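Architecture and fold: a report
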Amino acid sequence: MEFSNVERCGVLLAIFIGVLFFKDCWVSICPYKVIAKRPDIEYRFTLTSGSHIVMELDSVTLSSVHYLQYSKENEIEYMYLLNEYNNSIYRYKLNDRSIDKILHTNRYESGELQGFVINSPDSIYLYSSYNKEISEIVKDSVTWHYLIRPSPDVNKRPMIYPSPFLTTISPLKKYGDTFVMSGLVAGETWLENESNRPAIICAERKSETTSYLVNYPEMYQKANWEGGLTYRLPFFELHKNSILVSFAANNYLVCYDLKTKKQLNRYAGSKYVKTIRSFPHDKKDITYSRAEAWKWYLRNSSYEGILRDNYRNVYYRFCRLPADHADNIKIYNPKPISIIILDSTLNIVGETKLNQSVSYNSWNSFVSKEGLNIQVIDSIDNHIKFETFVLKQVK
């Protein structure tokens, strides 16, 4: 059977249209899979539940506070807690759970103050999310401030610059004269590549310049990760002269050396994670519902923050595992938590899955002399409660 030239053109056009159609269907139906390639690991340490820390709150502070920081000053352990509604920072003594000091600032409007870092007992750096400003407060007076802005790109590349997003577990940190933060731009785009969507913001105090580091890894460029906080929000920790970045869809930690400017990956995945699947829609597709996106998140594994334990010289990386009841979208994040333990050279030395019957807010976690403290969600609004986990060697 022979075809005429017109018929041949028609067949080729039909094939071409079919390829485009099924390509789009493939992207929508078959998500990108991040497959764990786990090396041989000897699990030598575990975390065991110890005591609880309960701190009474005043009448204007909610237990859903999103930013608090641990500090040790003159051998006394303190917890600094941000009340973003009245722009106050409360200092608690951890030994007796009492409010020791309250810092009020009138520089910002209600809800504008997103985070801080303690510099000394009399000096604190604040971050305003409204105008992206870092300011230094010394004895209630503003002594310095800086607006975070991208420096002009001499290469004029189409960059996707992140806005800082501070949390307890990924806060404003100070490395010498450099302020380090993680952040994001919500949304998905096929314009993203390996060099134009950074996740870390570094603001230099002396030069008053801003640089952007550590781009999202490969899986983010190849697939849709829904563009929200669940998979697009990066977390970081400082490690010697490096920044460790934990991406939700990445089994590896990205390690960026601030001195050499070199970057490498270190495996830090959970033994319970086999695959992580991208959102089964094209990046251009915005027709899905929030309920669909939330169910996809609940049925999927994801990584969160990483914390350094200076007392025991280890690191803790948080992992959220698929929920047993992913159809119930009213529960406070029901995804089980597993904590990966890494030694000082970032080798995995242990992993502990937390009690699934307890609701934890893993974003509100901190390390103290007693151990790793994770907020416990309960129905009482006049206090904030933490469960303390103690590092122990496996016998």
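Remember, it's a predicted structure, so these values are computed and weren't measured experimentally.

Criteria and thresholds
Residues numbered from 1 in each chain as written. Predicted model: local features only at pLDDT ≥ 70, side-chain atom pairs only at ≥ 80, totals over all residues. Heavy atoms only, no water. pLDDT = per-residue confidence, 0-100. Contact = heavy atoms within 4.5 Å. Pairing = 2+ DSSP bridges. Helix = DSSP H or I, 4+ residues; strand = E, 2+ residues; numbered from the N terminus. Axes fitted to C-alpha atoms, helices over the stretch in contact; angles between N-to-C directions. 1 Å grid on protein atoms, 1.4 Å probe; cavity = no way out; pocket = protein on both sides within 12 Å on 5 of 7 lines; lining within 4 Å. Points joined across faces, edges and corners; volume = space filled by probe spheres on them. Nonpolar A, V, L, I, M, F, W, Y, C, P; charged D, E, K, R; others polar. Core = buried A, V, L, I, M, F, W, Y, C linked by side-chain atoms within 4.5 Å. Buried < 20%, exposed > 50% of the residue type's maximum accessible area, 1.4 Å probe, protein only.

Here we come to the confidence of the model for the protein chain. As a note on interpretation, predicted positions should not be read in detail where pLDDT is low. Per-residue pLDDT for the protein chain averages 88, and the proportion of residues at 70 or more is 90%. Taken together, the stretch residues 6-29 has pLDDT below 50 and engages in 10 contacts with residues farther than four places along the chain or on a different chain.

Pairing is antiparallel in the open sheet, where four strands are placed in the order β16-β17-β18-β19. The open sheet is flanked by β16 (235-239) and β19 (263-267), the only strands paired with a single partner. Pairwise comparison of adjacent strand axes, ignoring direction, gives a mean angle of 25 degrees for this sheet.

Sizing a probe to match a water molecule and rolling it over the atoms shows the empty space that remains. Volume-wise, the largest pocket comes out at about 740 Å³. Gln 69, Tyr 70, Lys 173, Arg 308 and Asn 310 are the residues nearest the centre of the largest pocket, which is lined by 29 residues in total. Listing elements by their share of the lining of the largest pocket, those giving two or more residues are β3 (68-73), β7 (113-120), β12 (173-175), β16, β21 (302-309) and β25 (360-367). Considering every element that reaches the lining of the largest pocket, the biggest residue donor is β3, with six residues. Residue classes in the lining of the largest pocket are distributed as 15 nonpolar, seven polar and seven charged. Contributing to the lining of the second largest pocket are 27 residues, with Ser 64, His 66, Tyr 332, Asn 361 and Trp 363 lying nearest its centre. For the lining of the second largest pocket, the element with the highest residue contribution is β25, accounting for four residues.

What follows covers the pairing of β19. The pairing of strand β18 (residues 252-257) with β19 spans five bridges and is antiparallel. Bridge pairing in β19 links Val 254 to Asn 265.

Time to look at the nonpolar core. Core analysis: the largest hydrophobic core is formed by 68 residues, its most contacted members being Ile 200, Trp 225, Ile 243, Tyr 316, Ile 339 and Leu 372. Not counting chain neighbours up to four residues away, the residues in contact with Tyr 316 comprise Leu 47, Gly 305, Ile 306, Leu 307, Asp 309, Ile 339, Ile 340, Ile 341, Val 367, Leu 372 and Leu 391. Counting 26 residues, the second largest nonpolar core, distinct from the first, contains Tyr 127, Trp 144, Leu 166 and Tyr 212.

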